[in-house]
Protein chains: 8
Amino acid sequence: MNYEDLGYAKVDHHRAERTGVGEVIYGQSKTPEQITGIVSAMYGRGAENVLITRLDKDKFNELELPCGAAYNETARIAVVNPVPIERRGKIVIACAGTSDLPVSEEAAITAETLGSNVTRLYDIGVAGIHRLLSKLEELNDARCVIAVAGMEGALASVIGGLVSCPVIGVPTSIGYGASFNGLAALLAMLNSCASGVSVVNIDNGFGAGYQAHMINTVK
Amino acid sequence: MNYEDLGYAKVDHHRAERTGVGEVIYGQSKTPEQITGIVSAMYGRGAENVLITRLDKDKFNELELPCGAAYNETARIAVVNPVPIERRGKIVIACAGTSDLPVSEEAAITAETLGSNVTRLYDIGVAGIHRLLSKLEELNDARCVIAVAGMEGALASVIGGLVSCPVIGVPTSIGYGASFNGLAALLAMLNSCASGVSVVNIDNGFGAGYQAHMINTVK
Amino acid sequence: MNYEDLGYAKVDHHRAERTGVGEVIYGQSKTPEQITGIVSAMYGRGAENVLITRLDKDKFNELELPCGAAYNETARIAVVNPVPIERRGKIVIACAGTSDLPVSEEAAITAETLGSNVTRLYDIGVAGIHRLLSKLEELNDARCVIAVAGMEGALASVIGGLVSCPVIGVPTSIGYGASFNGLAALLAMLNSCASGVSVVNIDNGFGAGYQAHMINTVK
Amino acid sequence: MNYEDLGYAKVDHHRAERTGVGEVIYGQSKTPEQITGIVSAMYGRGAENVLITRLDKDKFNELELPCGAAYNETARIAVVNPVPIERRGKIVIACAGTSDLPVSEEAAITAETLGSNVTRLYDIGVAGIHRLLSKLEELNDARCVIAVAGMEGALASVIGGLVSCPVIGVPTSIGYGASFNGLAALLAMLNSCASGVSVVNIDNGFGAGYQAHMINTVK
Amino acid sequence: MNYEDLGYAKVDHHRAERTGVGEVIYGQSKTPEQITGIVSAMYGRGAENVLITRLDKDKFNELELPCGAAYNETARIAVVNPVPIERRGKIVIACAGTSDLPVSEEAAITAETLGSNVTRLYDIGVAGIHRLLSKLEELNDARCVIAVAGMEGALASVIGGLVSCPVIGVPTSIGYGASFNGLAALLAMLNSCASGVSVVNIDNGFGAGYQAHMINTVK
Amino acid sequence: MNYEDLGYAKVDHHRAERTGVGEVIYGQSKTPEQITGIVSAMYGRGAENVLITRLDKDKFNELELPCGAAYNETARIAVVNPVPIERRGKIVIACAGTSDLPVSEEAAITAETLGSNVTRLYDIGVAGIHRLLSKLEELNDARCVIAVAGMEGALASVIGGLVSCPVIGVPTSIGYGASFNGLAALLAMLNSCASGVSVVNIDNGFGAGYQAHMINTVK
Amino acid sequence: MNYEDLGYAKVDHHRAERTGVGEVIYGQSKTPEQITGIVSAMYGRGAENVLITRLDKDKFNELELPCGAAYNETARIAVVNPVPIERRGKIVIACAGTSDLPVSEEAAITAETLGSNVTRLYDIGVAGIHRLLSKLEELNDARCVIAVAGMEGALASVIGGLVSCPVIGVPTSIGYGASFNGLAALLAMLNSCASGVSVVNIDNGFGAGYQAHMINTVK
Amino acid sequence: MNYEDLGYAKVDHHRAERTGVGEVIYGQSKTPEQITGIVSAMYGRGAENVLITRLDKDKFNELELPCGAAYNETARIAVVNPVPIERRGKIVIACAGTSDLPVSEEAAITAETLGSNVTRLYDIGVAGIHRLLSKLEELNDARCVIAVAGMEGALASVIGGLVSCPVIGVPTSIGYGASFNGLAALLAMLNSCASGVSVVNIDNGFGAGYQAHMINTVK
């Protein structure tokens, strides 16, 4: 059987073979005991660089891991049984403002852990567009760009009009009032007037980093 | 009494004195008879350059006006009893795409009829931002800029970051799917990361032209 | 100057150089005259395989094109000045039901016109999942998969869990009641439990085909 | 009179006769004193296996019950004056992920307390569909299936396409961003492309368990 | 292979075996040619009583069927190759007002075609609750009740509190203003204070009739 | 039995006794045949002044009534078997603009038919508040005021702060863009900062006229 | 001048004369200092029975009142400088469940303080409709009924169909999931199929009690 | 280079030259360390009167500023390196209720810091319109009016109908239930029946003060 039944979880050992990447643990609504159990089952099969996302520092400290782990507090990600991996290609992660760093870093750590090179271009939102325009060379050198922005989310469209590689927009919940926790940025990115922009869920840095890695390493 | 009672309407002859501009007729949900009646009452008091907005060509043709009128089909505006008026200052009306012309022209005709000079910069959306950047001189010469855009509405933010005068954003209903008839652009403009941007209702070219004129001629 | 000013439009001749693909004309809210003007300007510069999307058959017939054009009624796309182009790689376009064909074909024609090979797997929705499972080989052979579905949009998640290449979800407006014109499918795809799925606007077959081509041909 | 008036509550002693099941106490917005009062009135009439749902552990500890009670922390359910009851038929409760356990257990405890046999199939979401497919025999042996899922809620549709008994979908609030606290899963399940799926409120494990028991024991 | 590939459709001949009911054709977004093709493929395999739902009279008349068909205009349903079938059990279909008849009949024809006995109780909404109360005997004799209502959708809750069998609520789009095309009734039914009520999509008479038949005939 | 069963309708002959007013026929989603049938049943029992609301002129002309009827085209109301009735008390119906006349007249005809005196104050919206202030005496003389307004719906609040009788707000669908078909006015009226304002559904002139009559004639 | 300017507040001493009821203080977003200041200004003018609504117990204890006050914790209302007042007429306040008590009591205390007699009928929701039907005499004896309900809010419609006096619906935020904090009940009440029902804001017991008093004492 | 790269931020030293006002720091989602770093970079270039908005008192106290700062707790604004500046023109800031003070003061401090004279007219909401009407002279003397209001937000429309200068509406989140955190006021202001009203985001006192200053000082 290609999965392991823990009762509260069925660990999908088959996933790496099927999708190229092993199971990633979504930490947010799981108890420390559940996460510990799943990680242990994976480690028992020899899994390396296991990602746990949306993991608060407190919950990370409650885990009883069977092996070492690297924890990034900004990105709220733990990498369990971390081993060096050769990185390929180039992904650019651009964000509009300082407040978008947590989501941007979630994307960056994800892509790096999976094996992609990442260039960070932070705080280059459209309110001061000369900052973005000064980075055209970096942007055009990428195989995929992730555009992270809250509020009106215009960054994705502007970058989409400037580059020849795929752009993945990540709306963030940064803002207030009629941002409706990221809905404004999400709708804006979905309606981008620039071609070649696709979008992931609000604050889903992980999903963007994951797909960007897939694009970066497309066979 | 400072208004005239037609039963179905109370014509506000006092408005010009109070707000500087006479009553403007919102044509959309009124019958041709009602519009004719209101215009006639105003004309009877000597009103000039009476604006009728959101007036389809067919309905315009059904009006029995007591005087001449200039009708603009793109803007869907009639100016009744048109008389030349000296234009002052400078308003720039920028729009993102060709599809935004009707709303842009509604703003332009309104502002011009009220007495402002208008410069039109059409189809300079952010998907090809060099078009916008080539117009910086025009933009910086204005006393007020109106930014008209549908889809993701990013134009307002980008212009807001580039100029030192007030920017009025007009979201349009151009788009489909998750544009939700202009909601996406509206939310985007309300959440502009650039300071100094205010917003009017979706497709409200009239309101933007009206307020821009007020700003342009602020005493 | 790298664009041409027609008044109602500023044709972006620079786009091909910047993004790898020339300007695409969004036909929906433009008049036949405007489209004719833009196409003529582009053709005057030697543009080939110019895409006009969301173009009803009636409006297509009203165009006065300076050259030949191929029109696809299901996809509502015209390709102006069509010339053969070598196709590379492989994109799979899967859709859930027969009703999703127009959006699927919009994606397919777009990607083929830009130069990608396309395999169509239509009507393989999850209500009869054996149909999908019988196509695993085809799916795993792709460099990018486009999953087109209305109603509950589950197809994107199921495919996302089965393949190792990027998946682009296209929610469609097929459905009624609480599908809210595609909102249900859009939200479902944005919340996919499978990693590696990004999403474009409701019914945006063009956007999906465009980005899939970019991924398929990433340098 | 077939109810008892406590001022703040009118205890419906007639319900068991009318609907086959006695009054169930919704614990969430009631004070411990109110719950105690209602339970005591019911116990005074000899009620057995009284369910109190959405009861936090702290509030449970504050109750002053007139008799014994079994409390399940995951399901947040207390069963007051618990007595053994013969269980009949078979309900399968399937959930997509480990995070869906609280809602699933609420359904399971409810159905078991009312007198149904329950089989639990947890963490078999569509991102690894082989897990679900390995359980086809269990699923096809049920008289009713409850499908519990958050995020995109695709589980209900996939199961609906595989079984010949009624499926009740329970969307959960698991997710973030555009899941809008379970709205995405709710809409998805309401738009299921599979026939024979009905839906209850977000996180309403109780309601699903209750109706599944009714179906399982339909006379 | 257990399905037949028509290109635009993959006819699921395996469904009857898997779910107990053969493929049902959703007529709304399909062309007459597509429907004709699918029906012909099914008829070629000997299918009887094939349901085509959401089929306008005009479209029905355009079909080129290989066999006879019974068309019900109120329900907008065609039954192709109709053969008599023994009906079992009892389903009650109650609706709140005369305007709910089309949805109610869609449910009724569906359930009857699949093989259930149906009792119709129409126009018994809660604004005159004595009408409903006069039908208690009929209601309590059913194995499943379908409650069809628009506007505030209260019928489902009131019936849910009176019967001991499962109740399926069908919100309809009858109403105006803040009914938001059935959303008000949908939300009301999802939040029913009565236990044992589940809900299908707005105007989804078919889905309710289908599941009610499953409940009525649960093995 | 206190109702009459027509199959498609159960005519509630008991309503007048119960609520003081006989059954009112909501004409919108009923066929002419159904309306004719219901009216005939009521007329057969001697009903007078039977209201049919939301009745288009065309549908009115298709009715085959057993007696005379008065039809008001603006209000889209027919009064069947009209007989004079003594009117009591005083209701003021105020509306913000000329476009609100149809809804205002629906309220006025309803209240007058039921037996209340009505004073109409039309087109006194807050954009020219001197018009409203000139009518204070009329307003303060009423036993109930109905405030009808679209767009931002401010009229209800302003009147609510000026009078000592109950105010019923009727939001109308007049407006465009972010009025969302009357939602803006509805929310505004629900959040009125003035005490003593209650609200009915968007465009529900009938409901307002009905309740105002109840208040005007409270025993 | 008929108001008193405290800088942060302009106390409206004219209101009692204008509307029949003195200023009521909305306590929720004001500081204790602000409330103290406003109350003191009113008391200085001799105001009696001053209502402060939405006042938490803690904030009440921080007030430095110039006179006595009666505080009701369930209703979160303080009555400052309470003096006996003769009560007239009869208002019935009915609520669906025990959880609706706080809102119901807010309505009751408001109406009683203003001078109306109030009869409380609590926990008579439609899931056990015999409880409601047993109170018909009480309901029919009222001059106005307030119907308080969360979840699906059906109580307002059912009562509206049974009585001949005005019904004010108060939706409450009791519920979870798709109740969306009271939106479901609000929409249901706005779409009531019973005539003569108007609605106030979610949880607005005060507004309902205020208007009910106005109706009860209409001159 | 016209900006300074701090890694987590790119400080836009060019903004003052471009827009007339230096960079303003949005304090809400930034860490004290990030704010300290940005302020220090700006101060190092000689910036004066640097605004930090949405800065809680606690976070303000954690800053390690290189210079003095004035902190306003109501407005939640710090002005770093404050220096006297000559104020010009006149802006009126009007608000509807005492609860709107924080947003009003955010607007006032912003405009004053940028160099505008501000007149405050607080608590003049439409429920007691005589308070507003007593201030007509003040209002008509302004070059721009900011209208701040929550709940139904009617203040903007009423003022818009009375003055001849531009009005900027600021909806606030004051209210509950169907105010939906300010959405009701936002929609109301966007749909103002008075011409010349534009709107900023919910609670965006800063944006209104900023644009009002731009209008007040338009060259």
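### Notes on the overall build of chain A
In terms of helices and strands, chain A carries 9 helices and 11 strands. The C-alpha radius of gyration of chain A comes to 18 Å, within 12% of the 17 Å expected for a compact globule of 219 residues. Its C-alpha atoms give chain A principal-axis dimensions of roughly 50 × 40 × 25 Å. Out of the 219 residues in chain A, the part that is buried amounts to 70%. Here the analysis covers contacts within chain A between residues at least 6 apart in sequence; of these, 65% occur between residues at least 24 apart. Looking at chain A as shown, the accessible area adds up to about 6700 Å², and 46% of this sits on carbon and sulfur atoms. Side-chain charges of chain A comprise 17 positive and 23 negative groups, with the mean position of each set lying 4 Å from the other.

### As for the relation of the copies chain G and chain F
Each copy superposes on the other: chain G lies on chain F with an RMSD of 0.0 Å after a rotation of 180° and an axial shift of 0.0 Å. What we have between these two chains is a two-fold relation. The position closest to the rotation axis in chain G is occupied by the C-alpha of G:Val199, lying 2.5 Å away. Interface overlap between copies: 100% of the residues of chain G at the interface are likewise at the interface in chain F, consistent with a symmetric, same-surface contact.

### Topic: the interface of chain G and chain D
Counting residues at the interface gives 19 residues for chain G and 25 residues for chain D. In total, chain G and chain D occlude about 1700 Å² of area from one another, counting both sides; carbon and sulfur atoms represent 54% of this. For the chain G face of the interface with chain D, the top three residues by lost area are G:Thr98, G:His130 and G:Tyr176, together amounting to 38%. Seen at the junction of chain G and chain D, the total is 10 residue pairs in polar contact (both at pLDDT 80 or more). Here the residues of the side of chain G that touches chain D sort into 9 nonpolar, 7 polar and 3 charged.

### A word on the pattern of salt bridges
A full pass over the atoms with the stated rule returns 88 salt bridges over all chains. The shortest N-O distance in the salt bridge between D:Asp12 and D:Arg18 comes to 3.1 Å. By relative accessible area, D:Asp12 is classed as buried at 3%. Of the charged contacts in the structure, one is a salt bridge between E:Lys10 and E:Asp5, with a shortest N-O distance of 3.4 Å. Where salt bridges share partners, they join A:Arg87, A:Glu105, A:Glu112 and A:Arg120 into one cluster.

### Side note on the interface of chain G and chain F
Counting residues at the interface gives 31 residues for chain G and 31 residues for chain F. Both sides of the chain G and chain F interface together cover about 2800 Å² of buried area, and 55% of this is carbon and sulfur. There are 0 salt bridges connecting chain G and chain F. For the pair chain G and chain F, the interface holds 12 residue pairs in polar contact (both at pLDDT 80 or more). Secondary-structure elements contributing two or more residues to the side of chain G that touches chain F are α1 (15-19), α8 (183-190), β11 (197-199) and α9 (205-216) of chain G. Looking at the side of chain G that touches chain F, the element that brings in the most residues is α9(G), giving 5 residues. Looking at the side of chain G that touches chain F, its residues break down into 16 nonpolar, 12 polar and 3 charged.

### Focus: the packing of aromatic side chains
Tallying each qualifying case throughout the model produces 24 aromatic pairs over all chains. Centre to centre, the rings of D:Tyr26 and G:Tyr176 are 6.1 Å apart; their planes meet at 25°, and the pair counts as stacked. Linking D:Tyr26 in strand β3 (residues 25-26) with G:Tyr176 in the loop between β10 (167-171) and α8, this pair reaches from one chain into another. Accessibility expressed as a relative area gives 17% for G:Tyr176, which makes it buried. Ring centres of H:Phe60 and H:Tyr71 lie 4.6 Å apart, and the angle between their planes is 15°; on these two criteria the pair is classed as stacked. A residue pair is termed long-range when its members are at least 10 positions apart, and H:Phe60 in helix α3 (residues 57-62) and H:Tyr71 in strand β5 (residues 69-72) qualify at 11 residues. Above the ring of H:Tyr176, the side-chain terminus of G:Arg54 is found at 3.6 Å from the ring centroid.

### What about the side chain of D:Glu105?
All names here are of chain D. Of note, Glu105 is situated in helix α4 (residues 101-114). Among the polar contacts made by the side chain of Glu105, one reaches the side chain of Arg120 at a distance of 2.7 Å. With near-sequence residues (within four places) excluded, Glu105 lies in contact with Asn72, Thr74, Ala75, Arg120 and Tyr122.

### Regarding the confidence of the model for chain A
Considering every residue of chain A, the mean pLDDT works out to 95; 100% of them sit at 70 or more. Here the predicted complex carries an ipTM of 0.95, next to a pTM of 0.97.

### Looking at the relation of the copies chain G and chain D
Between chain G and chain D, the superposition needs a rotation of 90° and an axial shift of 0.0 Å, giving an RMSD of 0.0 Å. In symmetry terms, the pair is related by a four-fold rotation axis. Residue G:Phe180 of chain G places its C-alpha closer to the rotation axis than any other residue of that unit, at 7.4 Å.

### A closer look at the sheet that holds strand β6 (residues 77-80) of chain C
Taken in spatial order, the 4 strands of this open sheet run β3-β4-β6-β5 (chain C), and their pairing is mixed. Single-partner strands in this sheet number two, and they are β3 (25-26) and β5 (69-72) of chain C.

### A word on the arrangement of the chains
At the level of C-alpha atoms, the two units chain A and chain E stay apart, their nearest approach being 21 Å. Nothing in chain D touches chain H; the tightest C-alpha to C-alpha distance between them is still 15 Å.

### Comments concerning the domain arrangement of chain A
Residue and element names in this part refer to chain A. Entries for chain A in the domain assignment read domain 1 (3-80) and domain 2 (88-217). Roughly 1000 Å² of surface becomes buried between domain 1 and domain 2 when both sides are summed, with 70% attributable to carbon and sulfur atoms. Along the contact surface separating domain 1 from domain 2 lie 0 salt bridges. Inspection of the domain 1/domain 2 interface yields 1 residue pair in polar contact (both at pLDDT 80 or more). At the level of secondary structure, the elements contributing two or more residues to the side of domain 1 that touches domain 2 comprise β4 (50-53) and β6 (77-80). For the side of domain 1 that touches domain 2, the residue count by class is 6 nonpolar, 5 polar and 1 charged.

### Points about the environment of D:Ser104
Residues and elements named next belong to chain D. Here Ser104 shows up in helix α4. Overall, the relative accessible area of 0% leaves Ser104 in the buried class. Sequence separation between Ser104 and Gly209 is 105 residues; the distance between their C-alpha atoms is 8.8 Å. In contact with Ser104, other than residues within four places in its own chain, are Ile93, Cys95, Tyr122 and Val148.

### A few points about helix α4 (residues 101-114) of chain E
In a regular helix each residue adds 1.5 Å, so 14 residues correspond to 20 Å; α4(E) covers 20 Å between its end C-alpha atoms and thus fits that length. Among the 14 residues that make up α4(E), 13 are buried, leaving the element largely enclosed by the rest of the structure.

### Focus on the sheet that holds strand β4 (residues 50-53) of chain F
Residues and elements named next belong to chain F. Read across the open sheet, the 4 strands follow the order β3-β4-β6-β5; overall the sheet is mixed. Looking at strand neighbours, the two that pair on one side only are β3 (25-26) and β5 (69-72), the edges of this open sheet. Across 3 bridges, β4 lies against strand β6 (residues 77-80) in antiparallel orientation. Residue pairing for β6: Ile52 is matched across the bridge by Ala78. Against the sheet, helix α4 (residues 101-114) engages β4, β5 and β6, with an angle of about 15° to β6.

### Here we look at the pairing of strand β9 (residues 144-149) of chain C
All names here are of chain C. Across the 6 residues that make up β9, a large majority, 6, are buried. Residues Cys144, Ile146 and Val148 point to one face of β9 and Val145, Ala147 and Ala149 to the other, with burial holding for every one of them. Both strand β7 (residues 88-95) and β9 contribute to a ladder of 5 bridges, which runs parallel. For Cys95, the partnering residue across the bridge sits in β9 and is Val148. In this sheet, strand β10 (residues 167-171) lies alongside β9 in parallel orientation, the contact comprising 5 bridges. From the neighbouring strand, Val148 faces β10, where its bridge partner is Val170.

### Observations regarding unusual backbone geometry
Non-glycine residue A:Asp123 carries a positive phi angle of around 65°. Unlike most non-glycine residues, C:Met151 shows phi in positive territory, near 45°. For C:Met151, the location among the structural elements is in the loop between β9 and α7 (155-160).

Rules of the game
Residues numbered from 1 in each chain as written. Chains lettered and ligands numbered in written order. Predicted model: local features only at pLDDT ≥ 70, side-chain atom pairs only at ≥ 80, totals over all residues. Heavy atoms only, no water. Helix = DSSP H or I, 4+ residues; strand = E, 2+ residues; numbered from the N terminus. Rg over C-alpha atoms; globule rule 2.2 N^0.38 Å. Buried < 20%, exposed > 50% of the residue type's maximum accessible area, 1.4 Å probe, protein only. Contact = heavy atoms within 4.5 Å. Areas by Shrake-Rupley, 256 points an atom, 1.4 Å probe, with all protein chains shown as cover. Lys, Arg positive; Asp, Glu negative; His and termini not counted. Charge placed at Lys NZ, Arg CZ, Asp CG, Glu CD. Least-squares fit on C-alpha atoms with pLDDT ≥ 70 in both. Buried area = accessible area lost by both parts, 1.4 Å probe. Polar contact = N/O pair within 3.5 Å; in protein donor to acceptor, adjacent residues only side chain to side chain. Nonpolar A, V, L, I, M, F, W, Y, C, P; charged D, E, K, R; others polar. Salt bridge = Lys/Arg side-chain N within 4 Å of Asp/Glu carboxyl O. Phe/Tyr/Trp six-rings, centres within 6.5 Å; stacked < 30°, edge-to-face > 60°. Lys NZ or Arg CZ within 6 Å of the ring centre and 35° of its normal. pLDDT = per-residue confidence, 0-100. Pairing = 2+ DSSP bridges. Domains from an automatic or database assignment. Expected span 1.5 Å × (residues − 1). Axes fitted to C-alpha atoms, helices over the stretch in contact; angles between N-to-C directions.

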